[in-house]
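# Survey of secondary and tertiary structure
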Amino acid sequence: MSVRSFENAHPKIGNRVFVDPTALVVGDVEIGADSSIWPMAVVRGDVHSIRIGERTSIQDGSVLHVTHAGPFDPEGHDLFIGNDVTVGHKAMIHGCSIADSCLIGMGSVVMDSAIIHSNVILGANSLVPPGRELEGGFLWVGSPARKIRPLNEEELKFFDYSAKNYVKLKDRYLAG
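Once a new chain begins, its residue numbering starts again from 1 and follows that chain's sequence as written. Per-residue local features are limited, in this predicted model, to residues with pLDDT of at least 70; the limit for side-chain atom pairs, both in listing and counting, is 80 or more; totals at the level of whole chains, interfaces and linings are taken over all residues. Side-chain calculation: all heavy atoms of the structure are included, whereas hydrogens and water are not.

When its secondary structure is counted, the protein shows 1 helix and 20 strands. The size measure is the radius of gyration over C-alpha atoms, and the globule rule it meets is 2.2 Å times the number of residues to the 0.38 power. A compact globule built from 176 residues would reach a C-alpha radius of gyration of about 16 Å, and the protein, at 15 Å, matches this within 12%. Based on the C-alpha atoms only, the size of the protein along its principal axes is roughly 45 × 45 × 20 Å. By the burial criterion, 47% of the 176 residues in the protein qualify as buried. The contact rule is simple, with two residues in contact once any of their heavy atoms fall within 4.5 Å. Partitioning the contacts of the protein with sequence separation of at least 6, the portion at a separation of at least 24 is 22%. All accessible-area figures derive from a Shrake-Rupley calculation using a 1.4 Å probe, and residue coverage is judged against the displayed protein chains alone. Put simply, the protein shows about 8500 Å² of open surface, and 55% of that area lies on carbon and sulfur atoms. Taken together, the 16 basic and 21 acidic charged side chains of the protein have centroids lying 6 Å from each other. Note on conventions: DSSP H or I runs of at least 4 residues are helices, E runs of at least 2 residues are strands, and numbering of each starts at the N terminus. Three labels apply to residues, based on accessible area from a 1.4 Å probe with only protein chains included: buried if under 20% of the type maximum, exposed if over 50%, partly exposed otherwise in between. Counted as positive: Lys and Arg. Counted as negative: Asp and Glu, with His and the chain ends omitted from the count. In plain terms, the charge of a residue is placed at NZ if it is Lys, CZ if Arg, CG if Asp and CD if Glu.

Working definition: rings of Phe, Tyr and Trp (its six-membered ring) pair if their centres are within 6.5 Å, and the pair is stacked with planes under 30 degrees apart, edge-to-face with planes over 60 apart, and tilted otherwise. Summed over the entire model, instances satisfying the criterion amount to 5 aromatic pairs. Linked through ring pairs, Phe 18, Trp 38, Tyr 166 and Tyr 173 together constitute an aromatic cluster. For the cation-ring pair, Lys 147 lies above Phe 138, with the distance from its terminal atom to the ring centre recorded as 4.5 Å. To sit over a ring, a charge needs its Lys NZ or Arg CZ within 6 Å of the ring centre and within 35 degrees of the ring normal.

This part is about the side chain of Lys 170. By the secondary structure assignment, Lys 170 is in helix α1 (residues 153–175). Among the polar contacts listed, one links the side chain of Lys 170 to the side chain of Asp 34, at a separation of 2.7 Å. In contact with Lys 170, other than residues within four places in its own chain, are Arg 16, Phe 18, Asp 34, Ser 35, Ser 36 and Trp 38. Two N or O atoms count as a polar contact when they lie within 3.5 Å, although within protein this holds only if one can serve as hydrogen donor and the other as acceptor, and sequence-adjacent residues are included solely when both atoms are side-chain atoms.

Below, the discussion takes up the side chain of Asp 34. Considering the arrangement of structural elements, one finds Asp 34 in the loop between β4 (24–31) and β5 (36–37). Looking at Asp 34, the relative accessible area reads 14%, which means it is buried. A polar side-chain atom of Asp 34 sits 3.1 Å from a polar atom in the side chain of Arg 16.

Strands were regarded as paired on the criterion that DSSP finds at least two bridges between them. Taken in spatial order, the 8 strands of this open sheet run β3-β5-β7-β10-β13-β16-β19-β20, and their pairing is mixed. The outermost strands of the open sheet, each flanked by one partner alone, are β3 (18–19) and β20 (146–150).

A few words now on unusual backbone geometry. The omega torsion of the bond from Ser 143 to Pro 144 falls at 5°, within 30 degrees of zero and hence cis. Its location among the elements puts Pro 144 in the loop between β19 (138–141) and β20. Of note in this structure, Asp 34 is not a glycine but carries a positive phi near 65°.

Time to look at the pattern of salt bridges. By definition, a salt bridge exists where a carboxyl oxygen of Asp or Glu is found within 4 Å of a side-chain nitrogen of Lys or Arg. Taken as a whole and judged by the stated rule, the model has 11 salt bridges. Taking the shortest distance from any N to any O, the salt bridge between Asp 34 and Arg 16 comes out at 3.1 Å. Separated by 18 residues along the polypeptide, Asp 34 in the loop between β4 and β5 and Arg 16 in the loop between β2 (12–13) and β3 bring together distant segments of the chain. Between Lys 170 and Asp 34 there is a salt bridge, and its shortest N-O distance comes to 2.7 Å. Of the two residues, Lys 170 is situated in helix α1 and Asp 34 in the loop between β4 and β5; the sequence distance between them amounts to 136 residues. A single burial state applies to Lys 170 and to Asp 34, both of which are buried. Three or more residues are tied together by salt bridges with common partners; here these are Arg 16, Asp 34, Lys 170 and Asp 171.

Structure follows, in structure tokens:
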């Protein structure tokens, strides 16, 4: 696996975390226990911090990054992803906050200072513009993302199922 420091920032990898050998984790990054970073994913906390919770899965080809502090954004933006989150393949997650128990669909883009509350399904190829806030408990889709309908009981159960499924899969990878 490629886990690297940047300047004085060293990634902190929790217990039983799987980072695929082709993935990159660099800088001020913390990854909680039982999480997984899959092939070709990039988690680059070089100019701000990235925090990923427990049992969270960052799928193949996803890019997680932050925004530097500068004249156009004096404080910059770190990145926070909660527990039991599944980030689909090739998602772009940038300087935002994603609460617990969410599914971020394949190819979606979540931009600076966006906030996604708990229990959200963001459909594939959706765009969450800068500063947008997605209310929890709903399906959101489109570009820009629009609230479609409340999640049903089956969909709400999916968050726990997905998190546990990826914990089992990463355990198989860790076992060799």
